Amino acid sequence: MTVTEARPGDGDAIAALDEAALGRVHLRAVVASGTGFFTDAYDLFVIGIASTLITAQWHLSPGRLALLNSTMLAAAFCGALVFGRFADVVGRKRVYWLVAAIMVVGALGSALAPSFWVLIVFRFVLGFGVGGDYPVSAVMVSEYANRKDRGKLVGMVFGTQALGLIVGPLIALALLGAGAGDSTAWRVMLGLGAVPAAAVIWLRSRMPESPRYQARRPRPARGAARRPRPALEDAAGAAGPLGLRAFLTSRRYLVMLAGTAGTWFLLDYAYYGNTISTPQILSLISPGASVTHRIALQLVIFAVAAVPGYILAIAFLDRIGHRRLQLIGFAMMAACFGVIAAVPGLTTAVAPFLLVYGVSYFFTEFGPNMTTFVLPSELYPAAMRATGHGISAGVGKLGAFIGVFLFPVLQSSLGLRGTLLLTAGVSVAGLALTLVLPEPARLSLDDIAAGTAGPADDCSPEPLPAAVTGPPLR
């Protein structure tokens, strides 16, 4: 669909966006963002399987294994902060395809790495691009979305993570089942991440700039060069441009960041520490199982427990409420991890452990793993939306880095039960911190900004795409 510019007098295009029926442009935005986010998830989680093969080939020490599993997450912390801010300053579209290009380079370099340290360098490059993709993927879809389906649409982007969780183990099983050697298998697994990332570059280069971003940037004086620097009201309510320092020193936004970034940090500590370390967890539960058997068990957990959680979260997110669903998920995670830690013998019985562990996985997806991605894309005003999401995602990935790096250390010192008891406590803290956040479900982005993050931006809107909503889906 070709998007044309609206003429003056076409009406309130932002209000039209809020009330529009689902159309082709919504689907187009979800596909462009979702394909990239599938790549993010695949690249982030496939290392949990690949590292077991790399360890066998290169005889990695526990310290090097922890570094390999966590390097990409540390890089994602940096990428989310840098590109989140960049997307607010120069526009969403420029960052939209740039991060995908970085991901292609990182994936190919990882697959061809001749040594451990070269692999670490390219995993860092890959993570830098993945981190930048988090804020721009969420914000782009949030700003195209209508009011009542915004959670569903942003959730659909995040839901592609489920495919990334499943595709990695499937590829590993196919390669190992076909008789591929360890070196060939892990290199193919890492290199395949470049394929969808390359497709993302093409998809995103054809997407128009976010209409809400265009509307919220100040119109330059006649003849002046256009600089897409959105205006935002400061903490005292005086209209004018708000810099990063003012944003970070505003009590209003600091409380919001504590909620969105803090809960994401706690969630990712628990989620990535367990998910990337799942092969090691399963080796503790069933020490006699082969590598292929453990990968198959991991796939079963993802397919039976995680995937339904993603699907139901997308379906019910806007009905239940984004904040409420996060509270439910954290509560159930705490309960499940607490049960595993409290019941003697549960960590040595495969079937009961997988049952409780699977329930925890379901409520992670049907809860904070979904909502920590959605909430920052809607709680901040347009001028700081990608910045706020980038900070939240970056702090989240810092939690993931800590969780993945510390898991082997904690497991050796506290045991599996003690480590999961700590995870239960982290989940309780996430539940408590969620309480500082407002409920944004089914509200317009402007109403959310006016009611929870200060008054809506006060600047003259520029012409918006008249056909931005597209025809209704049939």
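As shown above, the structure is provided for reference.
Residues numbered from 1 in each chain as written. Predicted model: local features only at pLDDT ≥ 70, side-chain atom pairs only at ≥ 80, totals over all residues. Heavy atoms only, no water.

Caption draft 1: How the structure looks around the packing of helix H6 (residues 150-177) against helix H7 (residues 182-191). Two elements in contact, H6 and H7, have axes separated by 10 Å at closest approach and are oriented at 150 degrees. As judged from the angle between their axes, H6 and H7 are roughly antiparallel. Read as a crossing pair, H6 and H7 show a hand that is right-handed. For the pair formed by H6 and H7, the contact residues are Gly168, Ile171, Ala172, Leu175 and Leu176 on the first element and Asp182, Ala185, Val188 and Met189 on the second. Residue composition of the contact of H6 with H7, by class: 7 nonpolar, 1 polar and 1 charged. (Axes fitted to C-alpha atoms, helices over the stretch in contact; angles between N-to-C directions. Helix = DSSP H or I, 4+ residues; strand = E, 2+ residues; numbered from the N terminus. Parallel < 35°, antiparallel > 145°, perpendicular 65-115°, else oblique. Left-handed = near helix turned anticlockwise from the far one by under 90°. Contact = heavy atoms within 4.5 Å. Nonpolar A, V, L, I, M, F, W, Y, C, P; charged D, E, K, R; others polar.)

Caption draft 2: View of a nonpolar patch on the surface. Residues Val188, Leu192 and Val195 make up a contiguous nonpolar surface patch of about 220 Å² in total accessible area. Counting through the fold element by element, Leu192 comes out in the loop between H7 and helix H8 (194-205). The class for Leu192 is partly exposed, based on a relative accessible area of 33%. (Patch = residues over 30% accessible without salt bridge, like charges linked within 9 Å, V, L, I, M, F, W, Y side chains within 5 Å. Areas by Shrake-Rupley, 256 points an atom, 1.4 Å probe, with all protein chains shown as cover. Salt bridge = Lys/Arg side-chain N within 4 Å of Asp/Glu carboxyl O. Buried < 20%, exposed > 50% of the residue type's maximum accessible area, 1.4 Å probe, protein only.)

Caption draft 3: Molecular detail of the packing of aromatic side chains. Under the definition given, this model contains 24 aromatic pairs. Between Trp58 and Trp186, the ring centres sit 5.4 Å apart and the planes meet at 75 degrees, which makes this aromatic pair edge-to-face. Taken as a pair, Trp58 in helix H2 (residues 24-58) and Trp186 in helix H7 lie far apart in primary sequence, 128 residues in all. For Trp58, a relative accessible area of 21% translates into the label partly exposed. (Phe/Tyr/Trp six-rings, centres within 6.5 Å; stacked < 30°, edge-to-face > 60°.)

Caption draft 4: Layout of the side chain of Thr71. Relative to the elements of secondary structure, Thr71 occurs in helix H3 (residues 62-90). Polar contacts involving the side chain of Thr71 include one to the main-chain carbonyl oxygen of Leu67, which spans 2.6 Å. Thr71 has contacts with Ile120, Arg123 and Phe124, leaving out every residue within four places of it along the chain. (Polar contact = N/O pair within 3.5 Å; in protein donor to acceptor, adjacent residues only side chain to side chain.)

Caption draft 5: Quick peek at the side chain of Thr371. By the secondary structure assignment, Thr371 is in helix H16 (residues 368-374). On the basis of relative accessibility, which here comes to 0%, the residue Thr371 falls in the buried class. In this structure Thr371 touches Leu317, His322, Leu325, Gln326 and Pro376, once residues within four positions along its chain are discounted.

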